[in-house]
Amino acid sequence: MSLFDRLRSGLKRTSSSLREAVTSIFTGGRVTQEFLDELEEVLIQSDVGLKAAMALRDRIQEENKKRNLKTPEELFGVMEEMVAEILEGVSEPLRTAPSGPTVYVLVGVNGAGKTTTIGKLAERWRGQGKSVIMAAADTFRAAAQEQLAVWAKRTGSTIIAHQSGSDPGAVAFDAVRAAISRGVDLVLVDTAGRLHTKGNLMEELKKIIRVIGRELPGAPHEVILVIDGTTGQNGLNQARVFAEAAGVTGVCITKLDGSSKGGIAVAIADELGLPIKLVGVGESADDLRDFDARAFAKALFARPE
Ligand SMILES: Nc1nc2c(ncn2[C@@H]2O[C@H](COP(=O)(O)OP(=O)(O)OP(=O)(O)O)[C@@H](O)[C@H]2O)c(=O)[nH]1
Ligand SMILES: [Mg+2]
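Caption draft 1: Looking closely at the site of ligand 1. The immediate surroundings of ligand 1 are formed by 20 residues, with Lys114, Thr115, Thr116, Asp257 and Glu283 found nearest. Contact between ligand 1 and Arg141: an oxygen atom at 3.3 Å from a side-chain N or O atom of the residue. A distance of 3.4 Å is found between an oxygen atom of ligand 1 and a backbone nitrogen or oxygen belonging to Gly193. Burial of ligand 1 by the protein chains amounts to 79% of its free accessible area of 660 Å². Within the shell around ligand 1, the residues separate by chemical class into 3 nonpolar, 10 polar and 7 charged.

This is the structure we're talking about:
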């Protein structure tokens, strides 16, 4: 299945309620002041954020002056284009080290999909003939290590782990050091899920990142914030706090195969300027895709099948 088809079915709930709402308020087939106010409301409901909702409203108004928009399809066309522009505006591929190991740290709230995404990233790199070390820096729960070990085995990766309850910074340190000495291509650091509202846990994250940077200048090459696509508006708050505390460089939105509310991708790109780099479209090793702004925008406004 193409990424667009996956996204279209994952974003079905959002796209059909968006379409229904816009169609129902566009009664006279004319863009009026009242319609624009209601449109802004509908867009806010879809989680694209206040800023993007206002910008979309202004764009519709502008376009209408130019070419008199008469059908809902024309409206969707204008909005799709603008959403694609917003997402493309911050779009950037995953960074890799020019030489030596590339290090990615995955962060996010509990259950977002960090460990699974590590498995998927390992699968991708291994598929390209690259070697991978996984760092079990989620030392909080013993089960977390076991889950990562399953992914390591499945993808033929090496896992570096300490006792549960030990210092996560030390695990990251050992993993990076091992990668340098063994000439390993990629280090994937799994961190414990943490609420962005817990200051001490955010400090711990900063420490892990600092330790990595000290051991390998330029690392980590990505701090990837993993966000559950079904989260809704709270995802924006998570992104804001993690971005500030942990210097997030890119976002992975997971569970876009389920009943996600994809509007949050637009809010994150637009209000925080953070690039969405990856999307998770399932639980298996090959269910990770590079983000594609055009496909995403198209799916967000797609006509139901
Ligand atoms: N459908 C679907 N499920 C996913 C996706 N990514 C992760 N999951 C599922 O989400 C659940 C949580 O995933 P984990 O990878 O354990 O999440 P985590 O962020 O490591 O969780 P903690 O370590 O507890 O903070 C698991 O059941 C995964 O299979 C996805 O893209 N699609
Ligand atoms: Mg985990």
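Caption draft 2: Up close: the environment of Gly282. Note that Gly282 resides in the loop between β7 (276–280) and β8 (288–290). Exposure remark for Gly282: the relative accessible area of 13% places this residue in the buried category. Considered as a pair, Gly282 and Arg177 are 105 residues apart in the sequence and their alpha carbons are 32 Å apart. Apart from the residues lying within four places of it in its own chain, the contact partners of Gly282 are Lys120, Asp257 and Asp287.

Caption draft 3: Representation of unusual backbone geometry. That bond from Ala219 to Pro220 is cis: its omega, -10 degrees, falls within 30 degrees of zero. For Asn68, which is not a glycine, the phi torsion comes out positive at approximately 50 degrees. Owing to a relative accessible area of 43%, Asn68 belongs among the partly exposed residues under this scheme. We note that Lys255 has phi near 60 degrees; this positive angle belongs to a residue other than glycine. Mapped onto the fold, Lys255 is located in the loop between β6 (250–254) and α11 (263–272).

Calculation notes
- Residues numbered from 1 in each chain as written.
- Chains lettered and ligands numbered in written order.
- Predicted model: local features only at pLDDT ≥ 70, side-chain atom pairs only at ≥ 80, totals over all residues.
- Heavy atoms only, no water.
- Near = heavy atom within 4 Å.
- Polar contact = N/O pair within 3.5 Å; in protein donor to acceptor, adjacent residues only side chain to side chain.
- Areas by Shrake-Rupley, 256 points an atom, 1.4 Å probe, with all protein chains shown as cover.
- Nonpolar A, V, L, I, M, F, W, Y, C, P; charged D, E, K, R; others polar.
- Helix = DSSP H or I, 4+ residues; strand = E, 2+ residues; numbered from the N terminus.
- Buried < 20%, exposed > 50% of the residue type's maximum accessible area, 1.4 Å probe, protein only.
- Contact = heavy atoms within 4.5 Å.

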